[in-house]
Amino acid sequence: MPSTTAITVPQLARLIGLPDAPCLVDVRTDEDYEADPRLLPASCRRDFRTVSSWASEFSGHKAVVICQRGQKLSQGVAAWLRHEGIPAESLEGGFEAWVAAKAPLVSAGAIPPRDEKGRTVWVTRSRPKVDRIACPWLIRRFVDPDAVLLFVDPAEVPLVADRFAAVPFDIEGVFWSHRGDRCTFDTMIEEFGLRSEALDRLALIVRAADTARLDLVPQAAGFLAASLGLSRMFRDDLEQLEAGMLFYDAFFRWCRDATDETHNWPVGGKAQ
């Protein structure tokens with residue numbers, strides 16, 4: 001009989017990157033983590049020994065708990081979370097099963113230092129169009145759901161980064177930026193080690209739209225038009241980002257699930 005308190009790797013993999021994905025809690029021992037310092041996308045590390053002190057952080061959310069093999073640590077922590085009224089499951093087979101399935105992982109060493117509240121902080125130029133919405137979407141969906149995104153005048157980005165311990169991106173002369181003919185979104189996918197067919201397909205669309213090479217992929221022109229339209233709809237960059245999150249969610253789902261689907265009307269003389 002299937003477990004009612006565990007989730008399989010294929011089931012969880014279908015939720016990764018979606019806006020309603022569960023919180024992922026990595027409770028591997030330090031020894032196991034140091035042997036393979038990668039993380040499931042958007043997951044956070046917690047000490048299983050102090051679960052009673054941090055369980056409430058996940059109130060109001062679903063959670064999936066990951067240990068090395070899906071046994072005592074993750075099952076015990078998930079049980080404790082359920083005791084606190086938090087819907088929680090353990091990952092069947094744990095981290096080892098996820099790795100064996102070649103499911104997406106994030107290189108923990110590429111994640112910038114976090115602030116006192118456990119968040120990564122990023123800063124870029126105001127009035128975003130393509131790359132400066134694409135990158136925050138990738139960060140929040142696959143790296144740090146609680147990431148802080150700061151949009152400031154272009155000339156102030158380096159100084160704000162210095163004064164507020166923020167990571168600058170998508171400006172010249174910084175690590176997280178364009179490289180050759182590839183855009184910052186490509187750089188982030190590469191540096192975080194986030195490889196998947198859907199993300200690679202989305203990256204090509206973003207690159208084509210962001211670097212004015214609309215001939216690279218048929219979706220690029222429409223993607224750019226929608227991105228520019230969003231930038232005209234919102235004066236507030238954070239409001240634009242929130243709208244852009246849904247836009248990128250939709251394109252990610254198309255890249256993952258719907259590239260073979262077509263639509264015609266009418267079909268056989270009848271509306272479908």
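Residues numbered from 1 in each chain as written. Predicted model: local features only at pLDDT ≥ 70, side-chain atom pairs only at ≥ 80, totals over all residues. Heavy atoms only, no water.

**Some points on the packing of helix α9 (residues 197-210) against helix α10 (residues 220-233)**
Here comes step 1: Orientation of α9 relative to α10, taken along the N-to-C sense of each, is 65°, at an axis distance of 9 Å. In terms of orientation, α9 and α10 fall into the roughly perpendicular class. Both α9 and α10 take part in a crossing whose hand is right-handed. Of the residues in α10, those in contact with Leu202, Ile205, Val206, Ala208 and Ala209 of α9 are Ala220, Phe223 and Leu224. (Axes fitted to C-alpha atoms, helices over the stretch in contact; angles between N-to-C directions. Helix = DSSP H or I, 4+ residues; strand = E, 2+ residues; numbered from the N terminus. Parallel < 35°, antiparallel > 145°, perpendicular 65-115°, else oblique. Left-handed = near helix turned anticlockwise from the far one by under 90°. Contact = heavy atoms within 4.5 Å.)

**A closer look at the sheet that holds strand β10 (residues 167-168)**
Here comes step 1: In spatial order, the strands read β9-β8-β10; together these three strands make up an open sheet with parallel pairing. On the outer flanks of this sheet lie β9 (148-152) and β10, each paired with one strand and no other.
Here comes step 2: In terms of strand pairing, strand β8 (residues 121-125) meets β10 through two bridges, oriented parallel. Within β10, the position partnered with Val123 by the bridge is Pro168. (Pairing = 2+ DSSP bridges.)

**Some remarks on the pattern of salt bridges**
Here comes step 1: If you walk through the whole model with that rule in mind, you get 24 salt bridges.
Here comes step 2: Close ionic contact of Arg28 with Asp26 constitutes a salt bridge, the shortest N to O distance being 2.8 Å. Exposure class is identical for Arg28 and Asp26. Each is buried.
Here comes step 3: Glu191 is the salt-bridge partner of Arg179, the closest N and O atoms lying 2.8 Å from each other. Within this pair, whereas Arg179 is found in the loop between β10 and α8 (184-192), its partner Glu191 is found in helix α8, the two being separated by 12 residues in sequence. (Salt bridge = Lys/Arg side-chain N within 4 Å of Asp/Glu carboxyl O. Buried < 20%, exposed > 50% of the residue type's maximum accessible area, 1.4 Å probe, protein only.)

**Some remarks on α8**
Here comes step 1: Of all nine residues making up α8, seven are buried, and the element is well covered by its neighbours.
Here comes step 2: The complete set of buried residues in α8 reads Thr184, Phe185, Asp186, Thr187, Met188, Ile189 and Phe192.
Here comes step 3: Lining the buried residues of α8 we find β7 (106-107), β8, α6 (131-143) and α9.
Here comes step 4: Downstream of α8 by one or two residues, Gly193 has phi in the positive range, about 75°.

**Thoughts on the UniProt feature "domain: Rhodanese" (unreviewed entry) in the protein**
Here comes step 1: Using the residue numbers shown here, the UniProt feature "domain: Rhodanese" (unreviewed entry) corresponds to residues 18-107.
Here comes step 2: Helix and strand shares over residues 18-107 are 32% and 21% respectively, and the end C-alpha atoms of the span are 20 Å apart. (UniProt positions renumbered as here; feature names shortened; annotations may be inferred.)

**What about unusual backbone geometry?**
Here comes step 1: A positive phi angle is found at Ala42, which is not glycine, with a value near 65°.
Here comes step 2: Topologically, Ala42 is positioned in the loop between β3 (38-39) and β4 (43-45).
Here comes step 3: At Lys102, a position not held by glycine, the phi torsion is positive, near 60°.
Here comes step 4: Relative to the assigned elements, Lys102 resides in the loop between α5 (94-100) and β7.
Here comes step 5: Look at Lys102 and you get exposed, because its relative accessible area is 73%.

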